[in-house]
Amino acid sequence: VAVDTALLTPDPDEGLQVLEVKREATSGWALPGTFLREGERLADAVRRSLRVKAGVEGVDPHQLQVFDALERDDRGWVLSVAHWAVVPPERLASRFIDTTRLVPIDRPGRLIYDHPSIVAAAVSHIRSRYDDQPDPDRLLGDTFTMLQLRRLHEAVGGKPLDRDAFRRQMKERLIGTGEMS
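Residues numbered from 1 in each chain as written. Predicted model: local features only at pLDDT ≥ 70, side-chain atom pairs only at ≥ 80, totals over all residues. Heavy atoms only, no water.

(A) Structural context of the overall build of the protein chain. When its secondary structure is counted, the protein chain shows four helices and seven strands. When its helices and strands are written in sequence order, the protein chain yields β-β-β-β-α-β-β-β-α-α-α. Along the longest, intermediate and shortest principal axes, the C-alpha atoms of the protein chain span 55 × 30 × 25 Å. A total of 181 residues make up the protein chain; the buried ones form 45% of that total. The long-range share in the protein chain, meaning contacts at least 24 apart out of those at least 6 apart in sequence, stands at 64%. Taking the 26 positively charged and 29 negatively charged side chains of the protein chain as two groups, their mean positions are separated by 2 Å. (Helix = DSSP H or I, 4+ residues; strand = E, 2+ residues; numbered from the N terminus. Buried < 20%, exposed > 50% of the residue type's maximum accessible area, 1.4 Å probe, protein only. Contact = heavy atoms within 4.5 Å. Lys, Arg positive; Asp, Glu negative; His and termini not counted. Charge placed at Lys NZ, Arg CZ, Asp CG, Glu CD.)

See the structure below:
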């Protein structure tokens, strides 16, 4: 049993990006992941893989789904319990620069195994959450402008949004601060 994590971050210019780690054995790219150790909880294995392989700490990804295709891993039959998290870019400041990269989700390069399917499932899940809520992952903090919120939704959704329609859609879901920017 393995765990793999689609760790995503919004970029105003590039849209939603995914963190990839360089694989030493194949010199290819992959999602951060590892095999589950005996007696280890899934969440602990996820945090360990993010810390050891990517240099990222303090992130608690959520379970996405199990990927169990017989041919998904060339090392044998491996179940992967995929996880996801979306974090602000500054949460990835500690990442290992030499062995990790952030790439746009629509141009992930050649990922190994079924990692493109994991990224696609995570992106679909995250986008559905942002369809219903202003900032479900609290990427903007407690206070933000409508412009910041729209840019976040554009990065997550991967497309430009009409300013006025977006404002109308979000206005009833927000509590105003009484301040103007």
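(B) Structural view of helix α2 (residues 115-132). If you check α2, its first and last C-alpha atoms are 27 Å apart, about what 18 residues at 1.5 Å a residue would give, namely 26 Å. Those residues of α2 that fall on the buried side of the exposure criterion are H115, I118, V119, A121, A122, V123, I126, R129 and Y130. Next to the buried residues of α2 lie β1 (2-11), β2 (15-22), β3 (29-30), β5 (62-67), β6 (80-86) and α3 (146-157). (Expected span 1.5 Å × (residues − 1).)

(C) The arrangement of the pairing of β1 in detail. Across the 10 residues of β1, nine count as buried, placing the element largely inside the fold. Where β1 and strand β4 (residues 33-35) come together, three bridges link them in antiparallel fashion. Along β4, the bridge assignment pairs V3 with T34. Here seven bridges tie β1 to β6, and the two strands are oriented parallel to one another. Within β6, the residue paired with A6 across the bridge is W84. Judged from the four bridges that link them, β1 and β2 form a sheet pairing that is antiparallel. Across the sheet, P10 pairs through a bridge with L16, a residue of β2. (Pairing = 2+ DSSP bridges.)

(D) Representation of unusual backbone geometry in the model. One non-glycine residue with positive phi stands out, namely Y113, at about 55°. Looking at where Y113 falls in the secondary structure, it is placed in the loop between β7 (100-104) and α2. For Y113, a relative accessible area of 23% corresponds to the partly exposed category.

(E) Spotlight on the packing of α3 against helix α4 (residues 163-171). Where α3 meets α4, the closest approach of the two axes is 11 Å, and the angle between their N-to-C directions is 100°. One finds that α3 runs roughly perpendicular with respect to α4. Counting all contacts with α3, which are made through M146, L149, R150 and H153, the residues of α4 involved are R163, F166, R167 and M170. Classifying every residue of the contact of α3 with α4 gives four nonpolar, one polar and three charged. (Axes fitted to C-alpha atoms, helices over the stretch in contact; angles between N-to-C directions. Parallel < 35°, antiparallel > 145°, perpendicular 65-115°, else oblique. Nonpolar A, V, L, I, M, F, W, Y, C, P; charged D, E, K, R; others polar.)

(F) Just the side chain of D137, in detail. Turning to its location among the elements, D137 is positioned in the loop between α2 and α3. Once you skip the residues sitting within four places of it in the chain, D137 turns out to touch W84, V86, R129 and Y130.

(G) Inspection of the pattern of salt bridges at higher detail. Tallied over the full model, the rule gives 10 salt bridges. Residues R107 and E14 are paired through a salt bridge, measuring 2.8 Å at the closest nitrogen-oxygen approach. Taken as a pair, R107 in the loop between β7 and α2 and E14 in the loop between β1 and β2 lie far apart in primary sequence, 93 residues in all. Residue R163 pairs with D164 through a salt bridge whose shortest N-O separation is 3.6 Å. The exposed category is assigned to R163, whose relative accessible area is 53%. (Salt bridge = Lys/Arg side-chain N within 4 Å of Asp/Glu carboxyl O.)

Coordinates in, geometry out; function isn't part of it.
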